[in-house]
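What follows is each chain in one-letter form.
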Amino acid sequence: METSHKHLVIVGAGHAGSELAVSARQNGWAGRITLLGEESVLPYQRPPLSKAWLAGQVDADGLLLRPRSAYDAARVELMTGARMQAIDRASRRLVLADGSALAYDKLALCTGGRPRPLSCAGLAPGQRPRNLHYLRSMADAEGIRAQLRPGARVLIIGGGYVGLEVAASARGLGAEVTLLELQPRVLARVAGPDVSAFYERVHRAAGVDLRTGTELASVEVEDDRVRAVVCRDGARLPVDLVVAGLGMLANVEAARAAGLAQEGGIAVDEFSRTRDPDVLAAGDCTLQFSSLYGRELRIESVPNALEQARAAGSWLGGKPRPNRAVPWFWSDQYALKLQMAGLSQGHDRCVLRGDPATQSFSAFYVAGERLLAVDAINRPADFMLAKRALAQACTVDAARLADESVPLKDLLQTASAVPAI
Ligand SMILES: Cc1cc2nc3c(=O)[nH]c(=O)nc-3n(C[C@H](O)[C@H](O)[C@H](O)COP(=O)(O)OP(=O)(O)OC[C@H]3O[C@@H](n4cnc5c(N)ncnc54)[C@H](O)[C@@H]3O)c2cc1C
């Protein structure tokens, strides 16, 4: 594709957008590249917002994905503080929030997601009292940090990764933390019961008042502040701040209006192409069919955003390389590094290797003979081995997995002929 007179517009200056811009240039895209983002800052890393940044261990510069000079060197024009409102595919133009138009030859949608809002009695739709926080952006994290003082009564709603990481960071700062989780266990959507139980023990030992199977019924708001929350079981908890970690909603409204997305995301192939040959998409806003897992997945992780962005960049630059990466993710809580590879849904067995009491073990999720996923806690070597094996589809000798006298590599048999699940 001759690209020297063409204009690539990337909407969304987050992990995917930043990587896609640089990758397209590195792969040979010769034309203009505009990276448009509604936030007013340079693209930055989100994972530390609930971890090192919240704990005060990194400053704003330390969050940047790249210095400005990297965009200049790649001749990427940054348009910060600019929001795309609508996509006119027929004329290949975007309409921006200020009413201006931006023409494109190729468009990449990297719009990520936004926090799912809290909905309960006492809160009008869209109402956000000053001490009710979500966590997606640096501005959100600044809002939390400004109110997070030693002794502050912090109420976290949701025992997913973000909620648990905020709990750990807040405890580290000396806050009094209560965490409510509706499900009978934390991390219920992503990890097996052993891993959930382990994290529940760790948080309780660190002083978190962790209440599983507990539903928030209402909030009491006075002078634009949440004063207390009331649980369905009748418990009333006075609070200084509330952080709701209820998952995210993909930012796909403009793509949907343009006929490019369904509610759950923008469907892309392994080159991050949508059904419109001039439009690509990458990151949390996408749905991609996984040949490894035999179904369409929306993966909300930095590695996925980067892999999809690189696939898009390679295709745009004329050196197509498909994205077939194994999904993976990490989470830092206290002194624990959790690394996950693969997807555990559909497993019929979970085998632990190592003793959770030592804070170093791995949970292997198996369906029949097939390894589906691993959660490795303070075990980077297990994670690396399993991740590599998962990429090639892998069977495992599950009966001997728990036996640490047998090297893990001897138990993982890669078999690229293993069919998708
Ligand atoms: C607190 C927190 C902790 C996390 N921890 C981890 C972790 O430990 N490991 C991990 O792998 N992942 C983690 N994640 C998830 C990870 O951050 C996301 O998967 C990743 O940011 C996805 O990148 P993205 O580019 O798709 O979306 P984003 O990084 O969200 O970027 C999207 C950008 O698009 C902009 N945008 C949206 N709509 C428009 C529009 N219409 N016009 C202009 N701009 C627009 C947004 O403002 C945003 O800047 C964490 C997320 C959060 C919030």
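Residues numbered from 1 in each chain as written. Predicted model: local features only at pLDDT ≥ 70, side-chain atom pairs only at ≥ 80, totals over all residues. Heavy atoms only, no water.

J.: Looking at this model, I keep getting lost on the nonpolar core. Mind explaining?
T.: One recurring pattern in soluble globular proteins is that nonpolar side chains are buried together. In terms of nonpolar packing, the biggest core is built from 42 residues, with Leu148, Val154, Ile156, Val177, Val195, Tyr199 and Ile377 touching the most fellow members. A total of five residues in this core trace back to one element, the largest contributor, which is helix 5 (residues 161-172). Leaving out residues up to four positions away in the same chain, isoleucine 156 has contacts with Gly163, Val166, Ala167, Val177, Thr178, Leu179, Leu180 and Val243. (Core = buried A, V, L, I, M, F, W, Y, C linked by side-chain atoms within 4.5 Å. Buried < 20%, exposed > 50% of the residue type's maximum accessible area, 1.4 Å probe, protein only. Helix = DSSP H or I, 4+ residues; strand = E, 2+ residues; numbered from the N terminus. Contact = heavy atoms within 4.5 Å.)

J.: Quick question: what am I supposed to make of the UniProt feature "domain: FAD/NAD(P)-binding" (unreviewed entry) in the protein here?
T.: The feature "domain: FAD/NAD(P)-binding" (unreviewed entry), as given by UniProt, occupies residues 7-309 in the numbering adopted here. End C-alpha to end C-alpha, residues 7-309 measures 17 Å, and it is 23% helix and 28% strand. (UniProt positions renumbered as here; feature names shortened; annotations may be inferred.)

J.: What exactly am I supposed to notice about the pairing of strand 2 (residues 32-36) here?
T.: Where a strand is regular, its side chains alternate between the two sheet faces. Counting buried residues in strand 2 gives four out of five residues, a clear majority hidden from the surface. In this view, the connection linking strand 1 (residues 7-11) to its parallel neighbour strand 2 by way of helix 1 (residues 15-26) has right-handed handedness. (Right-handed = clockwise from strand over helix to strand, strands pointing away.)

J.: Would you mind going over the sheet that holds strand 18 (residues 266-268) with me for this structure?
T.: Strands belonging to one sheet form pairs held by backbone hydrogen bonds; the direction of such a pair is parallel or antiparallel. Spatial ordering of the open sheet is given by 18-20-21, a layout of three strands whose pairing is mixed. The outermost strands of the open sheet, each flanked by one partner alone, are strand 18 and strand 21 (295-297). Looking at each pair of strands side by side, their axes are set apart by 35 degrees on average, direction ignored. Where strand 18 lies against strand 20 (residues 286-290), three bridges are found, and the strand directions are parallel. Bridge pairing in strand 20 links valine 268 to glutamine 288. (Pairing = 2+ DSSP bridges. Axes fitted to C-alpha atoms, helices over the stretch in contact; angles between N-to-C directions.)

J.: What am I meant to see in the packing of aromatic side chains here?
T.: Two numbers describe a pair of aromatic rings. These are the distance of the centres and the angle of the planes. A complete count under the given rule lists six aromatic pairs for this structure. By the ring-pair criterion, three or more aromatic residues cluster together here, those being Tyr161, Trp328, Phe329, Trp330 and Phe383. Over the ring of tryptophan 53 we find arginine 145; its NZ or CZ atom is 3.8 Å from the centre of that ring. (Phe/Tyr/Trp six-rings, centres within 6.5 Å; stacked < 30°, edge-to-face > 60°. Lys NZ or Arg CZ within 6 Å of the ring centre and 35° of its normal.)

J.: Explain the sheet that holds strand 9 (residues 132-133) to me, please; I cannot follow it from the model alone.
T.: Reading across from one edge, 9-16-10-11-12 is the order of the five strands in this open sheet, with parallel pairing throughout. Two strands lie at the open edges of the sheet, namely strand 9 and strand 12 (209-211), each paired on one side alone. Of the pairings in the sheet, the one linking strand 10 (residues 153-157) to strand 11 (residues 176-180) comprises five bridges and is parallel in character. By the bridge assignment for strand 11, isoleucine 157 is matched with leucine 180. Against the sheet, helix 5 makes contact with strand 10, strand 11 and strand 16 (241-244), and its axis sits at roughly 165 degrees relative to strand 11, the strand it touches most.

J.: Is there a simple way to explain the domain arrangement of the protein in this structure?
T.: For the protein, the assigned domains are domain 1 (7-113 + 249-316), domain 2 (132-246) and domain 3 (335-414). Each of domain 1 and domain 2 was reduced to a C-alpha centroid, and the two centroids are 30 Å apart. Listed by partner, the interface residues are 16 residues for domain 1 and 13 residues for domain 2. Approximately 1,400 Å² of surface area, both sides summed, lies buried where domain 1 meets domain 2, with 62% of it carried by carbon and sulfur atoms. Among the residues domain 1 hides against domain 2, the three largest losses belong to Ser50, Trp53 and Leu54. Together they make up 44% of the total. Counting across the interface, domain 1 meets domain 2 through two salt bridges. (Domains from an automatic or database assignment. Buried area = accessible area lost by both parts, 1.4 Å probe. Salt bridge = Lys/Arg side-chain N within 4 Å of Asp/Glu carboxyl O.)

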